[in-house]
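# Summary of the model geometry
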Amino acid sequence: MGDCIFCRIVAQEIAGRIAYEDADLVAFHDINPQAPVHILIVPRRHIESLNAVTQEDAHLLGRMLVVARDLAREHGLADDGYRLVLNTNRAAGQSVFHLHFHLLGGRFFHWPPG
Ligand code: DGP
């Protein structure tokens, strides 16, 4: 976790465009946005991926979803729709190994995803 880029954003060691923060969670705009709105919701605590969560993290995971829903509303995405993505490990495209949801909105998305 020492050189985790998201831990450094959470600790404000490097800049992030913060969209939301509380005692447990931080949300910030993606550096390489894939949609007009692209926000990452992360726990402050370093958790490598969904594979590493425990039963004790269930409340935290639920709160991540509620924060994503609130940010979607705040950014005017609720009515048209938005997508939440959680990539887990390499085949899914996870590139930063600190658990995060992508909140994407402001355009139409294809299904199935590429
Ligand atoms: P994933 O591939 O699911 O692990 O997503 C990682 C995302 O993190 C990717 O969309 C780009 C974003 N990202 C990587 N480094 C930084 C950074 O330093 N700042 C911000 N804001 N986003 C970053």
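Not measured: the values here are computed from a predicted model.

Turning our eyes to something else, we now look at the state of the cysteines. Summed over all chains, the structure comprises 0 disulfides. Among the cysteines around Cys4, which has no disulfide bond, Cys7 carries the closest sulfur, lying 3.8 Å off. By relative accessible area, Cys4 is classed as buried at 8%.

As a further point, take the environment of Asn51. By secondary structure assignment, the location of Asn51 is in the loop between strand 3 (37-43) and helix 2 (58-74). In this structure Asn51 comes out as exposed when scored by relative accessible area, which is 57%. For the pair Asn51 and Asn89, spaced 38 residues apart in the sequence, the C-alpha separation amounts to 8.6 Å. Excluding residues within four positions of it along the chain, Asn51 makes contact with Thr88 and Asn89.

To continue, consider the nonpolar core. Ranked by size, the top nonpolar core spans 17 residues in total, and within it Ile39, Ile41, Met64, Leu71 and Leu103 carry the most contacts. Put simply, the parts of the chain that give this core at least two residues each are strand 2 (25-29), strand 3, helix 2 and strand 5 (101-105). Looking at which element gives the most residues to this core, the answer is helix 2, with 7 residues. Other than its neighbours up to four places away in sequence, Ile41 contacts Val26, Ala27, Met64, Val67, Ala68, Leu71, Leu99, His100, Phe101 and Leu103. In this structure, Cys7, Ile9, Val26 and Phe28 belong to the second largest nonpolar core, which totals 10 residues.

Moving on: the packing of aromatic side chains. Counting across every chain of the model gives 1 aromatic pair. On the numbers, 5.2 Å between centres and 80 degrees between planes, the contact of Phe6 with Phe28 is edge-to-face. Remark: Phe28 occurs in strand 2 and Phe6 occurs in helix 1 (residues 5-10); sequence separation between them is 22 residues. Each member of the pair, Phe6 together with Phe28, is buried.

The rules behind each value
- Residues numbered from 1 in each chain as written.
- Predicted model: local features only at pLDDT ≥ 70, side-chain atom pairs only at ≥ 80, totals over all residues.
- Heavy atoms only, no water.
- Disulfide = S-S within 2.5 Å.
- Buried < 20%, exposed > 50% of the residue type's maximum accessible area, 1.4 Å probe, protein only.
- Helix = DSSP H or I, 4+ residues; strand = E, 2+ residues; numbered from the N terminus.
- Contact = heavy atoms within 4.5 Å.
- Core = buried A, V, L, I, M, F, W, Y, C linked by side-chain atoms within 4.5 Å.
- Phe/Tyr/Trp six-rings, centres within 6.5 Å; stacked < 30°, edge-to-face > 60°.

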